[in-house]
Amino acid sequence: EGRLGYLLMYLHGRYPGEGWNGYYRYKEMEEDDCRADDSCEGRRPSPVWEKINMMGHSQGAGHAAYLAQRTELAGAGLLSGPQDACVRCPPGTKFWVDDVFATKYVTAMAHGDAGAGMEPSVPVMKENWERMAATGSLSWSTPLTVTDIGYGIDGKYGSVCETPLVSFVLPAVTNVCSRAGHCSMAVDLSTPIIGRSDGKFVCIYSLHAWPDIASAPNCKSETSIK
């Protein structure tokens, strides 16, 4: 919390016209009194979590999910995670994914191929997603199903507010990760691309999947319409 607060304060100081001061306040001040401006100089900056959409890949997805469980965020987007598991625990042991989430709007995506060279952790992720949905505190449907994005080009795979996504699109030929599918969700050399003969290319996930996963806060309006 402290480091993020100071980062936001630094960004506001460096780029004052970009609105970073709307995402932190000074902890010692009352919410209605502190505007995160010079009148609060010397106070400790604290993130305004309910305005922040947190997104992460791999371990970062676990961090984003755990923060979403503990703190009310605007939303959270999870790529290749969470992979958390209670190792060598008795069957039925509960841990944080089984607790009510403070953040209602969470989106998720992972590679769906559980092969050793692709995404061997996807069964764990699916189990975690199911347990998260079973808390009844997310916008995800129950019982939970996951949606295959197909080729990921047309974006016709339903609402990310209701179900996590999986992809079976092949990683890029430039991939160097041992878990190619895992890395293909976010790592530059691994993400699948569409290329043209004139040398131009685009990352397939940038067309629809990434923007959708990053749009968790929009689920608030989508679910309110329903």
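Residues numbered from 1 in each chain as written. Predicted model: local features only at pLDDT ≥ 70, side-chain atom pairs only at ≥ 80, totals over all residues. Heavy atoms only, no water.

Regarding the state of the cysteines
Consideration 1: Overall, the coordinates contain three disulfides when judged by the stated rule.
Consideration 2: Between the sulfur atoms of C86 and its disulfide partner C89 the distance amounts to 1.8 Å. Looking down the S-S bond of the C86 and C89 bridge, the torsion is -65°, so its handedness is left-handed.
Consideration 3: The exposure class assigned to C86 is partly exposed, which follows from its relative accessible area of 31%. (Disulfide = S-S within 2.5 Å. Buried < 20%, exposed > 50% of the residue type's maximum accessible area, 1.4 Å probe, protein only.)

Considerations on a nonpolar patch on the surface
Consideration 1: Where nonpolar side chains cluster on the molecular surface, the patch consists of Y151, I153, I194, V202 and L207 and spans about 450 Å² of accessible area.
Consideration 2: Inspection of the secondary structure assignment puts V202 in strand 9 (residues 201–203). (Patch = residues over 30% accessible without salt bridge, like charges linked within 9 Å, V, L, I, M, F, W, Y side chains within 5 Å. Areas by Shrake-Rupley, 256 points an atom, 1.4 Å probe, with all protein chains shown as cover. Salt bridge = Lys/Arg side-chain N within 4 Å of Asp/Glu carboxyl O. Helix = DSSP H or I, 4+ residues; strand = E, 2+ residues; numbered from the N terminus.)

Overview of unusual backbone geometry
Consideration 1: For the bond running from G81 to P82, omega is 0°, close enough to zero to count as cis.
Consideration 2: Summarising the element assignment, P82 is placed in the loop between strand 4 (75–79) and strand 5 (106–111).
Consideration 3: A cis amide bond, omega -5°, links T142 with the succeeding residue P143.
Consideration 4: The topology assignment puts P143 in the loop between helix 3 (122–134) and strand 6 (147–148).

Some words on the sheet that holds strand 3 (residues 53–57)
Consideration 1: If you walk across this open sheet you meet the five strands as 3-4-5-7-6, and the pairing is parallel. Edge positions in the open sheet fall to strand 3 and strand 6, since each of these has one partner strand only.
Consideration 2: Across the face of the sheet, helix 2 (residues 59–70) comes into contact with strand 3, strand 4 and strand 5 while running at roughly 150° to strand 3. (Pairing = 2+ DSSP bridges. Contact = heavy atoms within 4.5 Å. Axes fitted to C-alpha atoms, helices over the stretch in contact; angles between N-to-C directions.)

Brief notes about the pairing of strand 4
Consideration 1: In terms of burial, strand 4 is a largely internal element, five of the five residues being buried.
Consideration 2: Across the two faces of strand 4 the burial is the same, with G75, G77 and L79 and A76 and L78 all buried.
Consideration 3: Pairing between strand 3 and strand 4: five bridges, direction parallel. Bridge pairing links M55 to G77 in strand 4.
Consideration 4: Across four bridges, strand 4 lies against strand 5 in parallel orientation.

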